[in-house]
Amino acid sequence: MASDKFVLLGTEIKKGKGAVLELEVAKLHTRNSLKVPVIVERGKKDGPVLLLLGGVHGDESNGVAIVRDIIRKKYHKPKSGTVICIPVFNVFGYLNLTRAFPDGRDLNRMFPGTKNGSLASQFAYTFTKEIAPVVDYVVDFHTGGADRSNFPNIRCDFNEKEEFELAKAFGAPYVMHSKYIHKSIRETIHKMGKPIILFEGGKSLHLENDVIDIGVNGALNVMKYLKMHEGEPEFKQGPIYIKKSKWLRAPYSGIFESTVKNGEQVTKKQLIGRISDPFGEFEKKIYAPSNSAIFGLNTAPNVNKGDAIFHVSVK
């Protein structure tokens, strides 16, 4: 941050101080305003501005809990720089336990937004104009959707050196190369010249303590890496890097059973799952097509032919 003065949403935050601000989303039918709480803490020394973002999809509870725990543990109070926490970005979806905005749109496909577009587009536009310009780095917390569970991993563009170093510092078990999805927050922040990494862990509408812990510790590691907190990043083991990946799809419809754990590394031709019918007439075995890491798993008891069942690394 270049200057001594830091202003967000019309409020100046002085060094060593914090504030709870509000980003207005819209008026409800009852004429009440729906606002997104924005929690800001500024250190006593100059430094970067880091945005920690949860709940872009309203049903992704782990991300919300990660940002909540960062605040609860007071990690969001830096020695240097400024931390902006938005635990629940998509308040509409969070209240209704759904992924989308009330207009049915995926908020993470509406950026940078338009001033007079759909409700989701207008909200994206407000964020892009009011918050995105003042941040230097972003960590965006997500989970798997529907019946898919993601083993904790960080996604970034390996070709962007600053992003890649940030991803390594986070300390997740896996770091995955991921292209920028059109009209996503990641693409918009990237086009503004700011590094952004995306955390994936667990599944929607679930709170998983092991996933939350990795997310919280990862955010603290990022702050240490950026010299916002004292100390060096700490993690149990070096991450495994995934340059390419694909989903293995169900070759049959039926009851799906995985014989391996999410996050496990498997060898070629290893038995990884079974699909059977409920009447005991057939059972089909699924084998690993190559040596790979499994970092995404379908948790549904029943699958249809063609459903994605294992997210695996590809060499």
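Residues numbered from 1 in each chain as written. Predicted model: local features only at pLDDT ≥ 70, side-chain atom pairs only at ≥ 80, totals over all residues. Heavy atoms only, no water.

**Student:** Could you clarify how one ought to interpret helix H3 (residues 119-130) in this entry?
**Tutor:** Residue pairs spaced three or four apart in an α-helix point in one direction, given the helix's 3.6 residues per turn. Spanning twelve residues, H3 covers 16 Å between terminal C-alpha atoms, matching the ideal 16 Å at 1.5 Å per step. Of all the residues in H3, the buried ones are Ala120, Ser121, Phe123, Ala124, Phe127 and Thr128. Buried residues in H3, looked at end-on, bunch into an arc of 160 degrees, giving them a common side. Elements in contact with the buried residues of H3: strand S3 (18-27), strand S4 (33-42), strand S5 (45-53) and helix H5 (185-191). (Helix = DSSP H or I, 4+ residues; strand = E, 2+ residues; numbered from the N terminus. Expected span 1.5 Å × (residues − 1). Buried < 20%, exposed > 50% of the residue type's maximum accessible area, 1.4 Å probe, protein only. Arc of directions from axis to C-beta. Contact = heavy atoms within 4.5 Å.)

**Student:** Sorry if this is basic, but what is going on with the side chain of glutamate 187 here?
**Tutor:** Its location among the elements puts glutamate 187 in helix H5. Aside from chain neighbours lying at most four places away, what touches glutamate 187 is Tyr180, Ile181 and His182.

**Student:** Mind showing me how you'd approach the pairing of strand S17 (residues 292-298) here?
**Tutor:** Of all seven residues making up S17, seven are buried, and the element is well covered by its neighbours. Here strand S8 (residues 148-156) runs beside S17; their pairing, made up of three bridges, is antiparallel. What sits directly across from asparagine 150, in S17, is glycine 296. Taken together, the two bridges between strand S14 (residues 265-266) and S17 define a ladder with antiparallel strand orientation. Opposite glutamine 265, over in S17, you have alanine 293 as the bridge partner. Pairing analysis gives three bridges linking S17 to strand S19 (residues 308-314), with the strands arranged antiparallel. Bridge assignment links leucine 297 to a residue of S19, and that residue is phenylalanine 310. (Pairing = 2+ DSSP bridges.)

**Student:** How should I be thinking about the packing of helix H4 (residues 161-170) against helix H6 (residues 209-225) in this particular structure?
**Tutor:** In helix packing, the relevant descriptors are the interaxial angle and the interaxial distance, both defined with respect to the helix axes. Packing of H4 against H6 leaves a shortest axis separation of 7 Å and a crossing angle of 125 degrees. The angle between H4 and H6 places the two elements in the oblique class. Where H4 crosses over H6, the two elements pack in a sense that is right-handed. Facing Glu165, Leu166, Ala169 and Phe170 of H4, the residues of H6 in contact are Ile214, Gly215, Gly218, Ala219, Asn221, Val222 and Tyr225. Taken together, the residues of the contact of H4 with H6 sort by class into seven nonpolar, three polar and one charged. (Axes fitted to C-alpha atoms, helices over the stretch in contact; angles between N-to-C directions. Parallel < 35°, antiparallel > 145°, perpendicular 65-115°, else oblique. Left-handed = near helix turned anticlockwise from the far one by under 90°. Nonpolar A, V, L, I, M, F, W, Y, C, P; charged D, E, K, R; others polar.)

**Student:** How should I be thinking about the pattern of salt bridges in this particular structure?
**Tutor:** A pair can form between side chains of opposite charge whenever their charged atoms are brought close. Under the defined criterion, the tally for this structure stands at 15 salt bridges. With a shortest N-O distance of 3.6 Å, glutamate 22 and lysine 35 are connected by a salt bridge. In this pair, glutamate 22 sits in strand S3 while lysine 35 sits in strand S4, placing the two residues 13 residues apart along the sequence. Across the pair glutamate 165 and lysine 168 runs a salt bridge, and its minimum N-O distance is 3.1 Å. With glutamate 165 and lysine 168 both in helix H4 and three residues apart, the pair spans about one turn of that helix. Judged by relative accessible area, which is 23%, glutamate 165 ranks as partly exposed. Salt bridges sharing common partners tie together Asp4, Lys15, Arg42 and Asp46. (Salt bridge = Lys/Arg side-chain N within 4 Å of Asp/Glu carboxyl O.)

**Student:** What is the right way to look at the packing of aromatic side chains in this model?
**Tutor:** Here a ring pair, both rings aromatic, is described through the centre-centre distance and the interplanar angle of the planes. Considering all chains together, one arrives at 15 aromatic pairs under this definition. Taking 5.6 Å as the distance between ring centres and 20 degrees as the angle between the ring planes, the aromatic pair formed by phenylalanine 101 and phenylalanine 123 counts as stacked. Here the residue phenylalanine 101 occupies a position in the loop between helix H2 (91-96) and H3, and phenylalanine 123 occupies one in helix H3, the gap between them amounting to 22 residues. The residues phenylalanine 101 and phenylalanine 123 share a single accessibility class, namely buried. Linked through ring pairs, Phe89, Phe92, Phe101, Phe111, Phe123 and Phe127 together constitute an aromatic cluster. (Phe/Tyr/Trp six-rings, centres within 6.5 Å; stacked < 30°, edge-to-face > 60°.)

**Student:** Got a minute to help me understand unusual backbone geometry in this structure?
**Tutor:** For residues other than glycine, phi is negative in most cases, and the peptide bonds are mostly trans. Here phenylalanine 111 and proline 112 are connected by a cis peptide whose omega angle stands at 5 degrees. Tracing the backbone shows proline 112 in the loop between H2 and H3. One non-glycine residue, alanine 146, lies in the positive phi region at around 50 degrees. Its location among the elements puts alanine 146 in the loop between strand S7 (137-144) and S8. Positive phi is not limited to glycine here, since lysine 227 has a value of about 65 degrees. The residue lysine 227 is located in the loop between H6 and strand S11 (240-242) in this model. Judged by its relative accessible area of 52%, lysine 227 is exposed.

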